[in-house]
Amino acid sequence: MRTIASLEELESLQGQEVALSDWFEITQQQVNLFAEATGDHQWIHVDVERARRESPFGAPVAHGFLTLSLLPQFMQNAIHMEGVKMGVNYGLNRVRFTAPVPVGSRLRARIKLLKVERLEPAPNGLVGAQSTWEVTVEREGSDRPVCVAESISRRYS
């Protein structure tokens, strides 16, 4: 867990890899629940036997958007910013799903801070900053990332 004490410290980290998250295992139950939540029941995700027989991956794989949805968890697991009252996801600039994630895989994220921009103070007096992060999600045992995303967040203190 990387603790960042101030906005000034955060700004000093621009261009650097800031943190590495813990490993997180992808289970079939998570894949099935994600399929239920999104309505994406494609057989390569939820039909275990068919995926083993017919899929080019030889097993069921996680939805790309399931992998992407883990970004907040990876960030929260790896970085603590002191003095923050509220944080929000602001969006994404770019996302690529560069390799499949077979069920049973363990994933972690390398987190690099690309840019920090101070925001105008909010009407209620909160002071904020917008951060752009490059998040590279790795699969244990593979030298190729499974997802690379540029994620934007805002934090207020």
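Higher on the page you've got the structure.
A short tour of the structure in this document, coming up.

## Concerning the overall build of the protein chain
Scanning the protein chain for helices and strands turns up six helices and eight strands. A principal-axis box enclosing the C-alpha atoms of the protein chain has dimensions of 55 × 30 × 25 Å. Within the span of the protein chain, comprising 157 residues, buried residues form 40% of the whole. Put simply, of all contacts in the protein chain between residues at least 6 apart along the chain, 72% involve residues at least 24 apart. As displayed, the protein chain offers around 8600 Å² of accessible surface, 47% of which is attributable to carbon and sulfur atoms. On the protein chain, the mean spot of the 17 positive side-chain charges and the mean spot of the 19 negative ones are 3 Å from each other.

## Considering the layout of surface pockets
The probe, sized like a water molecule, is rolled over the atoms to show the empty space still left. Empty space within the largest pocket amounts to approximately 470 Å³. What lines the largest pocket is a set of 21 residues, and nearest its centre among them are Pro72, Met75, Gln76, Asn89 and Arg155. Of all the secondary structure elements, the ones that give two or more residues to the lining of the largest pocket are α6 (71-78), β4 (79-81), β5 (86-96), β7 (128-139) and β8 (147-156). The leading source of residues in the lining of the largest pocket is β5, at five residues. Within the lining of the largest pocket, the residues separate by chemical class into twelve nonpolar, seven polar and two charged. Forming the walls of the second largest pocket are 16 residues, and the residues nearest its centre are Leu7, Met81, Val84, Arg155 and Ser157. Among the elements that make up the lining of the second largest pocket, the one with the highest residue count is β7 (three residues).

Thresholds, definitions, all that
- Residues numbered from 1 in each chain as written.
- Predicted model: local features only at pLDDT ≥ 70, side-chain atom pairs only at ≥ 80, totals over all residues.
- Heavy atoms only, no water.
- Helix = DSSP H or I, 4+ residues; strand = E, 2+ residues; numbered from the N terminus.
- Buried < 20%, exposed > 50% of the residue type's maximum accessible area, 1.4 Å probe, protein only.
- Contact = heavy atoms within 4.5 Å.
- Areas by Shrake-Rupley, 256 points an atom, 1.4 Å probe, with all protein chains shown as cover.
- Lys, Arg positive; Asp, Glu negative; His and termini not counted.
- Charge placed at Lys NZ, Arg CZ, Asp CG, Glu CD.
- 1 Å grid on protein atoms, 1.4 Å probe; cavity = no way out; pocket = protein on both sides within 12 Å on 5 of 7 lines; lining within 4 Å.
- Points joined across faces, edges and corners; volume = space filled by probe spheres on them.
- Nonpolar A, V, L, I, M, F, W, Y, C, P; charged D, E, K, R; others polar.

On their own, these measurements won't tell you what the molecule is for.
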